[in-house]
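Structure assessment
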Number of protein chains: 2
Amino acid sequence: MKEFNYYNPVRTIFGSKQVQIGNILKADGHSKVLLVYGRSSIKKTGLYDEICESLKSADIEFTEHGGVSSNPLLSHAREGVLKVEDATAILAVGGGSVIDESKAIAAAAASKCDVWELYEGKNPADALELYTILTISATGSEMNAGSVLTNEKTQEKLSFHSHLIYPKVSIVNPALALTLDFKYIAYSAVDIIAHVLEVYFTAEEHPKIQNRFCENIVKSAISATEKILENPNDINARSEFALCATWALNGLTSLGVGNYSFPNHMIEHSLSAIYNVPHGAGLAVVLPAWLKWFYKTERKQTKRFAKKIFKKNSAYEGILALEVWFAKIGAPVTLKELGVSGKDIGMIAENIDSVSDKWELKHEYPLKTLKKILKLMK
Amino acid sequence: MKEFNYYNPVRTIFGSKQVQIGNILKADGHSKVLLVYGRSSIKKTGLYDEICESLKSADIEFTEHGGVSSNPLLSHAREGVLKVEDATAILAVGGGSVIDESKAIAAAAASKCDVWELYEGKNPADALELYTILTISATGSEMNAGSVLTNEKTQEKLSFHSHLIYPKVSIVNPALALTLDFKYIAYSAVDIIAHVLEVYFTAEEHPKIQNRFCENIVKSAISATEKILENPNDINARSEFALCATWALNGLTSLGVGNYSFPNHMIEHSLSAIYNVPHGAGLAVVLPAWLKWFYKTERKQTKRFAKKIFKKNSAYEGILALEVWFAKIGAPVTLKELGVSGKDIGMIAENIDSVSDKWELKHEYPLKTLKKILKLMK
């Protein structure tokens, strides 16, 4: 087991009970916040009205920054920074995209720097306090210190991490996801599983306790997803799903494993940046392909994965089982299904390659390897 | 899955690299601390000298409060409060006992109240910042918000919890345990396993993800213990053991499970309070006995436990396997081995009963039940 530091101060409020966010903000001394959200869903569900009512009841003034897109954009984040003014906190209501963009706004506004500088390596000096109300569990952003953003001009999708962007309070209410489209459950499930497997497969060391912890999250995510698809109102399944999402990327899976990387995300981010595909959909195409390339050099861990998750005797059967499961739950598993032409492989590989030295967790694949992996996605 | 709140802001520094505690305290603005430790072991190992050197190099003044006993005592904690004076932080160097007593001192000194009031239900108003250097992994106190103390006059061993007593920084160096007596490994292992099983068995709900999480810690603790007993210098095994101890009682195992209680600790605390037995030794006697009484009403979970941990087909076989394992690693499994007379059962039951309404996590067993469980320990 390798040495590690762990620090995660997020206050998580988890459950279906309605939480008075206005009171929480007031108790923390805030009187003006920037409310950040996505497109129209929180208005359709009534959540927007509930939140506005809660803020008003607690005398919390707020300005609004709606319209965050699924792959949040630099231009939109920059507009958000201009709207901060004298707000002392950001209230993010939505999924990982809204939270990630809110983290960018919180840090850039307080650090008085351009948003993109943060993604190119500048450490933020400060960040406004961030409160989140999570409407869809997938990214784990509600309980981690990372943010991903796309620079639409340069087609780069990058990340940055800082303890300053840990949310102060995150409200995770599994019931809020009940109104979402089925396909988002599939994409979220893939994202959760990918988060776990990036560490599980690429880590320097594999302490037993961490192997089991990762396998637990993957198995629990699989069974919760199947239950939700069978009965979308199964609140227990929704709750377990939500806990899987939080645990998949809040730092716990990588304790003691040493160095690791996120090659699947590195590859997928180029697909998102170029084609604007949903992140989880992209990962469902990337991950099985990457595994088909990867397992030849890492037979032990991939064989373990196959056995523990799918009760298969060979690594390759395990990988196929994962691919089949992704397809079963409604995720695409080929570039074609993603709407991406196989002819673009060269261009996609170039994009990944050009961005790779800006990646926080470097996993430098030569262009040849990138093309090999991409071809496995056809 | 039940709703829950989770908050754990402890900064954990985990690994065998030597950490300059003086620099950490200085960076946090401290210039005077109270150094709390146990008996002579940190002086024998040289750790005491290293720490004093580190504090001096960083110009940190310190007063000392040594002599914390394995079952830390109220009288000693009260003396510690008197020594705080103008120290702005407590530095606890030792195992769970030292950390627990330090938490009591930190809270009572800052809240200007008597130490025992905290254990009788008074919420602390404030607490000094607490820094810990853990020399033996067992209790999980390095990463939780609880403290246990014995009032030697009344023979009551009670606990209190408050976010204010979360350590600010905890340094967990598995190499520091290398010098300890073998029997402490056994007692620590039992403590870790008991922490997990209290929740695993008594929880209102058993989400799959939590069942697996608990089973993971128990299995990992068992295998790490066996490796350490075979080769005490196996630093990987020591490290996994340490992570098991931290995860066993830092709040993670009880997320979403609803209400739960700690009946084995309730019973064991009376044994400790009356006979001053090591906590883990007491638990090794209590837990199998409690399980032999408990399983008759909770067959499903105990059967699962037997299968998952010991590959046994019946609950009772699983309980016996646990008892045998405790004996194998050198822990006592009967009152007699603990040095406790079977004739004292009535008196012990009375003690548990008289203290039980002061317990934070109530599990009210009638006297008759307590005696039944105690008889199973003969």
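Residues numbered from 1 in each chain as written. Chains lettered and ligands numbered in written order. Predicted model: local features only at pLDDT ≥ 70, side-chain atom pairs only at ≥ 80, totals over all residues. Heavy atoms only, no water.

**Section: the overall build of chain A**
Scanning chain A from N- to C-terminus turns up 16 helices and 8 strands. Taking 378 residues into account, the globule formula puts the C-alpha radius of gyration at 21 Å, and chain A, at 20 Å, falls close to it. Projected onto its principal axes, the C-alpha positions of chain A cover 60 × 45 × 40 Å. Counting over 378 residues, chain A shows a buried share of 61%. Taking contacts inside chain A between residues at least 6 apart in sequence as the whole, the part at least 24 apart equals 77%. Of the roughly 14,500 Å² of accessible surface on chain A, a fraction of 49% belongs to carbon and sulfur atoms. The average position of the 43 basic charges and that of the 42 acidic charges among the side chains of chain A differ by 8 Å. (Helix = DSSP H or I, 4+ residues; strand = E, 2+ residues; numbered from the N terminus. Rg over C-alpha atoms; globule rule 2.2 N^0.38 Å. Buried < 20%, exposed > 50% of the residue type's maximum accessible area, 1.4 Å probe, protein only. Contact = heavy atoms within 4.5 Å. Areas by Shrake-Rupley, 256 points an atom, 1.4 Å probe, with all protein chains shown as cover. Lys, Arg positive; Asp, Glu negative; His and termini not counted. Charge placed at Lys NZ, Arg CZ, Asp CG, Glu CD.)

**Notes on the interface of chain A and chain B**
With 38 residues of chain A in contact, the opposing surface of chain B contributes 38 residues. Summed over the shared surface of chain A and chain B, the number is 0 salt bridges. Here chain A and chain B share 14 residue pairs in polar contact (both at pLDDT 80 or more) between them. Those elements giving two or more residues to the side of chain A that touches chain B turn out to be β1 (4–14), α8 (208–230) and α9 (235–248) of chain A. Looking at which element gives the most residues to the side of chain A that touches chain B, the answer is β1 of chain A, with 11 residues. A per-class count over the side of chain A that touches chain B returns 17 nonpolar, 12 polar and 9 charged. (Salt bridge = Lys/Arg side-chain N within 4 Å of Asp/Glu carboxyl O. Polar contact = N/O pair within 3.5 Å; in protein donor to acceptor, adjacent residues only side chain to side chain. Nonpolar A, V, L, I, M, F, W, Y, C, P; charged D, E, K, R; others polar.)

**Section: the environment of Ile-274 of chain B**
Residue and element names in this part refer to chain B. Mapped onto the elements, Ile-274 comes out in helix α10 (residues 263–275). With 77 residues separating them along the chain, Ile-274 and Asn-351 place their C-alpha atoms 8.7 Å apart. With residues up to four places along the chain from it excluded, the contact list for Ile-274 reads Gln-155, Met-347, Ile-348 and Asn-351.

**Here we look at the sheet that holds strand β4 (residues 89–94) of chain B**
Taking strand neighbours across the sheet as the criterion, the 12 strands line up as β3(A)-β2(A)-β4(A)-β5(A)-β8(A)-β1(A)-β1(B)-β8(B)-β5(B)-β4(B)-β2(B)-β3(B) in an open arrangement whose pairing is mixed. Edge strands, defined here as strands with exactly one partner in the open sheet, are β3 (61–65) of chain A together with β3 (61–65) of chain B. The mean inter-strand angle of the sheet, taken between neighbouring strand axes irrespective of direction, is 25°. Pairing of strand β2 (residues 32–37) of chain A with strand β4 (residues 89–94) of chain A involves 5 bridges; the strand directions are parallel. (Pairing = 2+ DSSP bridges. Axes fitted to C-alpha atoms, helices over the stretch in contact; angles between N-to-C directions.)

**Considerations on the state of the cysteines**
Residue and element names in this part refer to chain B. As enumerated under the stated definition, the model contains 0 disulfides over all chains in all. Between Cys-244, a free cysteine, and Cys-214, which holds the nearest cysteine sulfur, the sulfur-to-sulfur gap is 12 Å. The exposure class of Cys-244 is buried, given its relative accessible area of 0%. (Disulfide = S-S within 2.5 Å.)

**Some words on the relation of the copies chain A and chain B**
For the match of chain A to chain B, the screw axis carries a shift of 0.0 Å, the RMSD comes to 0.0 Å, and the turn is 180°. Both chain copies can therefore be described as sitting about a two-fold axis. Nearest to the rotation axis, the C-alpha of Pro-9 of chain A is located 2.1 Å from it, this being the minimum over chain A. By residue overlap, the copies meet face to face through one surface: 100% of the interface positions of chain A are interface positions in chain B. (Least-squares fit on C-alpha atoms with pLDDT ≥ 70 in both.)

**Focus on unusual backbone geometry**
Leave glycine aside and you will find that most residues have negative phi; peptide bonds, for their part, are mostly trans. Positioned with a positive phi, Glu-85 of chain A is a non-glycine residue whose angle comes to about 50°. With respect to the helices and strands, Glu-85 of chain A occurs in the loop between α4 (74–84) and β4.

**Notes on the packing of aromatic side chains**
Any two aromatic rings considered together are summarised by their centre-to-centre distance and by the angle between their planes. Considering all chains together, one arrives at 39 aromatic pairs over all chains under this definition. With 6.1 Å between their ring centres and 85° between their planes, Tyr-184 of chain A and Tyr-187 of chain A make a pair best called edge-to-face. Of the two residues, Tyr-184 of chain A and Tyr-187 of chain A both sit in helix α7 (residues 182–202), 3 residues apart, roughly one turn of that helix. With 5.0 Å between their ring centres and 50° between their planes, Phe-213 of chain A and Trp-247 of chain B make a pair best called tilted. (Phe/Tyr/Trp six-rings, centres within 6.5 Å; stacked < 30°, edge-to-face > 60°.)

**A short note on the domain arrangement of chain A**
All names here are of chain A. What the domain assignment lists for chain A is domain 1 (11–176) and domain 2 (182–375). Distance between the C-alpha centres of domain 1 and domain 2: 26 Å. Facing the 24 residues of domain 1 at the interface are 28 residues of domain 2. Of the roughly 2,200 Å² buried where domain 1 meets domain 2, counting both sides, 54% is carbon and sulfur surface. At the surface where domain 1 touches domain 2, the tally comes to 2 salt bridges. Residue Lys-358 is joined to Glu-120 by a salt bridge in which the shortest nitrogen-to-oxygen separation is 2.7 Å. Looking at the side of domain 1 that touches domain 2, the elements that each hand over two or more residues are β6 (146–151) and β7 (156–161). Counting residues per element, the side of domain 1 that touches domain 2 draws most heavily on β7, at 6 residues. Residues belonging to the side of domain 1 that touches domain 2 are distributed by class as follows: 10 nonpolar, 10 polar and 4 charged. (Domains from an automatic or database assignment. Buried area = accessible area lost by both parts, 1.4 Å probe.)

**Here we look at the pairing of strand β2 (residues 32–37) of chain B**
Residues and elements named next belong to chain B. The element β2 is extensively covered by neighbouring structure, given that 6 of its 6 residues are classed as buried. A two-sided burial pattern is seen for β2, the buried positions comprising Lys-32, Leu-34 and Val-36 on one face and Val-33, Leu-35 and Tyr-37 on the other. Bridge analysis of β2 against β3 gives 5 bridges, and the strand direction is parallel. By the bridge assignment, Lys-32 is partnered in β3 with Glu-61.

**Re the confidence of the model for chain A**
Looking at chain A, pLDDT values average 95 and 100% of them are 70 or higher. In the predicted complex, the global pTM is 0.96; the interface-specific ipTM is 0.95. (pLDDT = per-residue confidence, 0-100.)

**Thoughts on the side chain of Ser-356 of chain B**
Residue and element names in this part refer to chain B. For Ser-356, the location among the structural elements is in the loop between α15 (345–355) and α16 (367–375). The class for Ser-356 is buried, based on a relative accessible area of 10%. Discounting chain neighbours no more than four positions away, the residues touching Ser-356 are Met-266 and Lys-362.

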